[in-house]
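# Structure assessment
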Amino acid sequence: MWDDAFPSFLIGLREGLEAGLIVSVLVATLVRAGAKSRLPQVWTGVLAAIALSLSFGAVLTFTAASLSSTAQEAFGGTLSIVAVAFVTAMVFWMRRSARNLAGEIKEKVTEALAMGAGVLVLTSFLAVGREGLETALFLWTTARAANESAGPLAGAGVGLVLAAGLCWGLYRRVLRINLTRFFTVTGAVLVVIAAGVLGYGLRDLQEGGVLPGGTAYAFDLSGSVDAGSWYSTLLQGVLNLTPTMTWLQVAGYAGYLAVVMTLFVRGVSGVRTARGAGAAGVAPDGRAVAAGPAPAGPAEGAAPGRPQPAAAAHAASAASVSASAGEDVPPRSGNAAPNQSAVPAPASPRTRRRPAWLLPVAVVVVPAVLAGLVVALARPKPSGGETVAVSETDCGQGFTAPRPGRQTFQMRNTGDKTSEVYLIDPATNAVYGEIEGLAPGTTRDLVATVAGGSYAWRCVPTDGKAVTSKAVRVAGAAGSTAVVPVSERDLAAPLKAYRAYVDRGLATLVRLTRRLDDDIRSGHLDTARTDWLTAHRTYASLGAAYGTFEDFDQKINGRPDGLPGGVHDKDFTGFHRVEYGLWHGQSAAQLKGPAQQLADNADGLRKAFPHQDFDPSDLPLRAHEILENTLQFELTGDTDQGSGTGLATADANLAGTRELLTVLRPLLTTRAPHLLPTVDADIARLQALLDSEHRAGRWTPVARLDRTAKARIDGATGQLLEDLSPVPDLLEIRKSA
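Let me begin by describing the structure that accompanies this report.

Cut-offs used in this document
Residues numbered from 1 in each chain as written. Predicted model: local features only at pLDDT ≥ 70, side-chain atom pairs only at ≥ 80, totals over all residues. Heavy atoms only, no water. Helix = DSSP H or I, 4+ residues; strand = E, 2+ residues; numbered from the N terminus. Buried < 20%, exposed > 50% of the residue type's maximum accessible area, 1.4 Å probe, protein only. Contact = heavy atoms within 4.5 Å. Axes fitted to C-alpha atoms, helices over the stretch in contact; angles between N-to-C directions. Parallel < 35°, antiparallel > 145°, perpendicular 65-115°, else oblique. Left-handed = near helix turned anticlockwise from the far one by under 90°. Nonpolar A, V, L, I, M, F, W, Y, C, P; charged D, E, K, R; others polar. Phe/Tyr/Trp six-rings, centres within 6.5 Å; stacked < 30°, edge-to-face > 60°. Lys NZ or Arg CZ within 6 Å of the ring centre and 35° of its normal. Core = buried A, V, L, I, M, F, W, Y, C linked by side-chain atoms within 4.5 Å. Pairing = 2+ DSSP bridges. Disulfide = S-S within 2.5 Å. Salt bridge = Lys/Arg side-chain N within 4 Å of Asp/Glu carboxyl O. 1 Å grid on protein atoms, 1.4 Å probe; cavity = no way out; pocket = protein on both sides within 12 Å on 5 of 7 lines; lining within 4 Å. Points joined across faces, edges and corners; volume = space filled by probe spheres on them.

### Overview of the side chain of Ser 55
Within the secondary structure layout, Ser 55 lies in helix 2 (residues 39-65). Its relative accessible area of 9% is what places Ser 55 among the buried residues. Setting aside residues up to four positions removed in sequence, Ser 55 forms contacts with Pro 367, Ala 368 and Ala 371.

### Concerning the packing of helix 19 (residues 675-691) against helix 20 (residues 707-724)
Where helix 19 meets helix 20, the axes come as close as 9 Å, and the angle between the chain directions of the two elements is 160°. Considering the angle they form, helix 19 stands roughly antiparallel to helix 20. Helix 19 and helix 20 meet at a crossing whose hand is left-handed. Contacts between helix 19 and helix 20 pair Leu 675, Thr 678, Val 679, Asp 682, Ile 683, Leu 686, Leu 689 and Leu 690 from the former with Arg 712, Ile 713, Ala 716, Thr 717, Gln 719, Leu 720, Asp 723 and Leu 724 from the latter. Residues belonging to the contact of helix 19 with helix 20 are distributed by class as follows: 10 nonpolar, three polar and three charged.

### Some remarks on the packing of aromatic side chains
A full pass over the atoms with the stated rule returns 13 aromatic pairs. Seen from their ring centres, Phe 549 and Phe 609 are 6.0 Å apart, and the 75° between their planes marks the pair as edge-to-face. Of this pair, Phe 549 sits in the loop between helix 13 (525-540) and helix 14 (551-557) while Phe 609 is found in the loop between helix 16 (588-608) and helix 17 (618-632), placing the two residues 60 residues apart along the sequence. Positioned above the aromatic ring of Phe 552, the side-chain terminus of Lys 555 is 5.5 Å from the ring centre. The ring of Phe 633 carries the charged tip of Arg 559 above its face, separated from the ring centre by 4.3 Å.

### Focus: the packing of helix 17 against helix 20
Where helix 17 meets helix 20, the axes come as close as 9 Å, and the angle between the chain directions of the two elements is 160°. Classified by the interaxial angle, the pair formed by helix 17 and helix 20 is roughly antiparallel. Handedness of the helix 17/helix 20 crossing: left-handed. Side by side, helix 17 and helix 20 meet where Ala 623, His 624, Leu 627, Glu 628 and Leu 631 of the first sit next to Asp 714, Thr 717, Leu 720, Leu 721 and Leu 724 of the second. Class assignment for the residues of the contact of helix 17 with helix 20 results in six nonpolar, two polar and two charged.

### Notes on the nonpolar core
Tyr 498, Ile 520, Phe 549, Leu 660 and Leu 668 are the most contacted members of the largest nonpolar core, which totals 71 residues. It is helix 12 (residues 488-521) that contributes the most residues to this core, 11 residues altogether. Excluding anything up to four places from it in sequence, Tyr 498 contacts Ser 541, Leu 542, Gly 543, Ala 544, Ala 545, Phe 614, Leu 619, Glu 659, Leu 660 and Val 663.

### Here's the deal with the environment of Leu 705
Structurally, Leu 705 is set in the loop between strand 14 (698-699) and helix 20. Taking relative accessible area as the criterion, Leu 705 reaches 11% and is therefore assigned buried. The sequence separation of Leu 705 and Glu 693 amounts to 12 residues, and the corresponding C-alpha distance is 8.6 Å.

### Side note on the sheet that holds strand 6 (residues 405-413)
The strand order 5-6-9 describes an open sheet built from three strands, whose pairing is mixed. Two strands in the sheet have a free side with no partner beyond their single neighbour: strand 5 (387-390) and strand 9 (443-450). Mean inter-strand twist for the sheet, computed between neighbouring axes without regard to direction, equals 40°. Of the pairings in the sheet, the one linking strand 5 to strand 6 comprises four bridges and is parallel in character. Looking across to strand 6, one finds that Thr 387 is bridged to Gln 410.

### Structural notes on the environment of Arg 698
Of note, Arg 698 is situated in strand 14. Sequence spacing of Arg 698 and Ala 648 is 50 residues, and the spatial spacing of their C-alpha atoms is 9.1 Å.

### Comments concerning the state of the cysteines
Under the counting rule described, the total for this entry stands at one disulfide. There is a disulfide in this structure between Cys 395 and Cys 459, and the S-S distance comes to 2.0 Å. One quick way to see it: the torsion about the S-S bond of Cys 395 and Cys 459 is about 80°, and its sign makes the bridge right-handed. Taken together, the residues span a long stretch of sequence, with Cys 395 in the loop between strand 5 and strand 6 and Cys 459 in strand 10 (residues 453-461) at a distance of 64 residues. With relative accessibility at 11%, the residue Cys 395 sits in the buried group.

### Concerning the pattern of salt bridges
In this structure the tally under the stated criterion is 16 salt bridges. The closest approach of N and O atoms between Lys 607 and Asp 603, which form a salt bridge, is 3.2 Å. Here Lys 607 and its partner Asp 603 are both found in helix 16, four residues apart, which amounts to about one turn of the helix. Between Arg 695 and Glu 693 there is a salt bridge, with the nearest N and O atoms lying 3.6 Å from each other. Overall, the relative accessible area of 10% leaves Glu 693 in the buried class. In this structure, a network of salt bridges that share partners links the residues Arg 559, Asp 561 and Asp 638.

### A few points about empty space enclosed by the protein
In this approach a probe as big as a water molecule rolls over the atoms, and the regions it shows empty are the leftover space. Scanning the entire structure with this criterion turns up two cavities of 30 Å³ or more. Considering only enclosed or pocket space, the largest cavity measures out at about 50 Å³ in volume. Around the largest cavity, the lining residues are Trp 532, His 536, His 576, Glu 579, Glu 634, Thr 639, Asp 640, Ser 643, Thr 645, Gly 646 and Thr 649. At the level of elements, helix 13, helix 15 (575-582) and helix 18 (646-671) are the ones that each hand at least two residues to the lining of the largest cavity. Partitioning the lining of the largest cavity into residue classes produces one nonpolar, seven polar and three charged. There is about 40 Å³ of room inside the second largest cavity. Lining the second largest cavity, in full, are Leu 627, Thr 630, Leu 635, Ala 650, Leu 654, Leu 686, Leu 690, Ile 713 and Thr 717. Mapped by element, the contributors of at least two residues to the lining of the second largest cavity are helix 17, helix 18, helix 19 and helix 20. Counted by class, the lining of the second largest cavity contains seven nonpolar, two polar and no charged residues.

Shown next as structure tokens:
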């Protein structure tokens, strides 16, 4: 989270400080002009700018969410490049204009005072609004690149709060900041961050089909770089550098960085040279000096020892705030009237005054309402508000070609049987969306993203025959993600292969548990400890069949959790009971019964397994669940009864997962060709981490892992689980097949 927060923190700090300096100059100019009564108009403009920026962010977020996945990539990529352009322009503009910023703003304020309240509101709104829109756009882009909003929002919030504090300190004359150096350093860092955003945007455009070269990789380090490591996460969050990048990304990143950074550095050198030639009104050390209520020397023409007029103090405040922005501030003449710069308001007939709260409320409500209208109009509606019928006789009635984008279909069961309904591609049977268990007379929403292609409904009543509706054609580019359905017949071959694997494993298990029993009967407890681990790892590698083993799993591998007597309970049996005794000093006589019982249960399972019902849908589910249990139990030490072999069991679970993926590989390859290479790289990474904790025939106990090693193993397991998570859905048995 926090690695993703830094870019938005920096943009929030810099943009917030720029906007804060502008507001400080506006306020100081009004105070100096004796027009404090006009300050609410400044704050109204600022409030309107903030409301507009928030509304703009909402429009970006909700409009993008209504697009198809391909369109989202293209939309996000385009806005990423626009954000880079804005940030680049902002960096160069601030470097060039900072010295004259205060003078320009004071001139506009003076003109606004003469022209009325609306112009002053507009002046402050335009001055702050640009910074707000830039911040909203860049924040949306960084949040999208991070795939989460908490970190970027937190970073931007901290940056804006810090910027507000700095501006207050400058105005109250409690801080001295070298603004030239600040904007130079932050500008250079933002150029580097913008290069990463540009690379990310180019990749989005490639994935959206706008730019070519999406598979032309400059490098692919996913197999050797730990994506969950702190350094990899930091680089991805701050610089948008990923283990895999295309040639276009690398060229865009390097080209932007080389050109823009060179121009920026040359520009900084030019500004320093010009300043060195001498510019009146800037402190020699380049620091910004802010003033507020601090006392100043007597005004020109004032008698020594007498208090200054308020106008003189305000003049000092305006001058010091101007110095904060780098402007040369001429001294006030002693002969000038105290309110010399004030513009008297023309007399006007008495009119009914509007409530003071009306304008601030309006400038907040109007942008919010407009943003809501934009989002509502941009979001695709359900296909004409149609209700699509689901039944054996009128499946798909009321369905017409929808518009591309995210659609909500109202599915109503008009028949007399509970049904399943699928939105499919009639040519391939691929499923775009589904509803299960739709009862007669009920209506439920089905949400799916529609792109160019053919679509039809398939209704499957309980105990009835599948019925497919007439297909409709949607114009436009393809891009919607669909899942090719799997039937029990498709899983028959993988199930047969896996049953053969389990059968061989159980035969080995029987032999190993008999050897363990013999060790204990002979009193060879040291040998028994070695043989116990070998036998237990054999059982742990059969994880996908645990649901098939019925009561045998609890008898062979049960834990003492929940038993009234805990480890001493008579129902605590199996591997963990023997483990407890072997590593807690129990004698061979005490262990003889549990070891005999374990061997008998293993033999009973071996005989029962050929007749047990193995649900084929268990295979894709267990591809994820085996390691989920590993992360929950073995890698927390929860199952350890003294042997300290949790990592050895995790290694066996990983081997079982690998075997399961082997039998499922043909089905996965045709449905998600990019999934298995990623998973294979994850498995290799986790295997290497586990192997590093297996030295001289001994496994490091989980409780003795150092913090870094534990975090790496947990992170690698979590990443593998995340990449395996689509498998159950990809290979779910669907009646539409």
